[in-house]
Amino acid sequence: MSIFEASMLALIQGLTEFLPVSSSAHLILPSIILGWQDQGIAFDVAVHMGTLFAVISYLRKEVTQLLGAFFRSIFKDERSADATLAWMIVLATIPTCIFGLFMKDIIEVYLRSVWVITVTCVIFGLLLWWVDSNAKCNIDEYKTTPKSALLIGLWQALAMIPGTSRSGATITMALYLGYTREAAARFSFLISIPLITIAGCYLGLGLANSDVPVMWEPIFVGVLVSFVCAYICIHWFLQIVMTMGMKPFIIYRILLGVSLAVFLMIR
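Residues numbered from 1 in each chain as written. Predicted model: local features only at pLDDT ≥ 70, side-chain atom pairs only at ≥ 80, totals over all residues. Heavy atoms only, no water.

**What to know about the pattern of salt bridges**
Two side chains of opposite charge can pair, provided their charged atoms sit close to one another.
Logical step 1: Taken as a whole, this structure holds 5 salt bridges when the rule is applied.
Logical step 2: Between D132 and R181 there is a salt bridge whose closest N-O contact spans 2.6 Å. Remark: R181 occurs in helix α9 (residues 181-208) and D132 occurs in helix α6 (residues 114-133); sequence separation between them is 49 residues.
Logical step 3: Using a relative accessible area of 3% as the deciding quantity, one classes D132 as buried.
Logical step 4: Taking the relative accessible area as the measure of exposure, R181 reaches 26% and is therefore partly exposed.
Logical step 5: Here E182 ties to R186 by a salt bridge, and the two come within 3.0 Å at their closest N and O atoms. Separated by 4 residues within a single helix, E182 and R186 lie in helix α9, roughly one turn from each other.
Logical step 6: Each member of the salt-bridge network shares a partner with another, and the members are E141, E182 and R186. (Salt bridge = Lys/Arg side-chain N within 4 Å of Asp/Glu carboxyl O. Helix = DSSP H or I, 4+ residues; strand = E, 2+ residues; numbered from the N terminus. Buried < 20%, exposed > 50% of the residue type's maximum accessible area, 1.4 Å probe, protein only.)

This is the structure we're talking about:
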């Protein structure tokens, strides 16, 4: 992998991980359309860690409060709003772990195609449009119930299908449940932390058991570029959500899906 390819893939990961446009779809496309080689396990670990560091850094105050409350609820039996939210984040992560355990290989073999990305981009873009247009927007993430956490977690699991978008799916369900747009985005960011951590550890184990040599220069580039881009993107996304809602991302998803359909028909 060249430094240019590493920079571009890390840029894509950083820009799309937390936007409702599907990072997995955008990372698949360069190899399909441009003929780039698969980036490999080591690079996947690098860009995942870059985006993980970005969201933890941006939400460092909330993360510190939630972690402290979570451990106090275990060791000191203290109950607080932060502790409840922390447990809801854990609960929302469980469906994805179960779904990933049983469905990962099936998705890798049968669903990593441009046609799947095309269809899911449009369908889930239209779903986000419908939900965003009818959203009540009257509760925040601290009002999350076990039922809400599981529903959002189930949609996060569904987002393993390329083109669906983890961020898009979780925000769609959160808006449907009545979250404000900002609260839906924040909760989506927060539940990404344990998920990206688990994914990074899983990929790291795969790397540790692999005999493939690691090219460290692209790895460092991947971590740095994905971190910077994701950090900026989180801030930018929250500003857009509070002023314009989800419409820019809905339009982008539909245009992407249509463009891919045209590409496939004329190729």
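**A short note on helix α7 (residues 146-158)**
Logical step 1: Counted at 1.5 Å a residue, the expected span for α7 with its 13 residues is 18 Å, and the 18 Å between its end C-alpha atoms agrees.
Logical step 2: Those residues of α7 that sit buried are S148, A149, I152, G153, Q156 and A157. (Expected span 1.5 Å × (residues − 1).)

**A short note on helix α8 (residues 166-176)**
Logical step 1: With 10 of 11 residues buried, α8 is to be regarded as a mostly interior element.
Logical step 2: Turning to α8, its buried residues number three or more, namely R166, S167, G168, A169, T170, I171, T172, M173, A174 and L175.

**As for the packing of helix α1 (residues 3-16) against helix α10 (residues 216-244)**
Logical step 1: Direction vectors running N to C along α1 and α10 enclose 30 degrees, while the axes themselves pass 7 Å from each other. Regarding the angle of α1 to α10, the classification is roughly parallel. In the crossing of α1 with α10, the sense of the turn from one axis to the other is right-handed. Every residue of α10 that contacts α1 at I3, A6, S7, A10, L11, G14 and L15 is listed here: E217, P218, V221, G222, V225, S226, C229, A230 and C233. (Axes fitted to C-alpha atoms, helices over the stretch in contact; angles between N-to-C directions. Parallel < 35°, antiparallel > 145°, perpendicular 65-115°, else oblique. Left-handed = near helix turned anticlockwise from the far one by under 90°. Contact = heavy atoms within 4.5 Å.)

**Here we look at the environment of G200**
Logical step 1: Its location among the elements puts G200 in helix α9.
Logical step 2: Its relative accessible area of 5% is what places G200 among the buried residues.
Logical step 3: G200 sits 148 residues away from L52 along the chain, and the two C-alpha atoms are 9.0 Å apart.
Logical step 4: Setting aside residues up to four positions removed in sequence, G200 forms contacts with V45 and M49.

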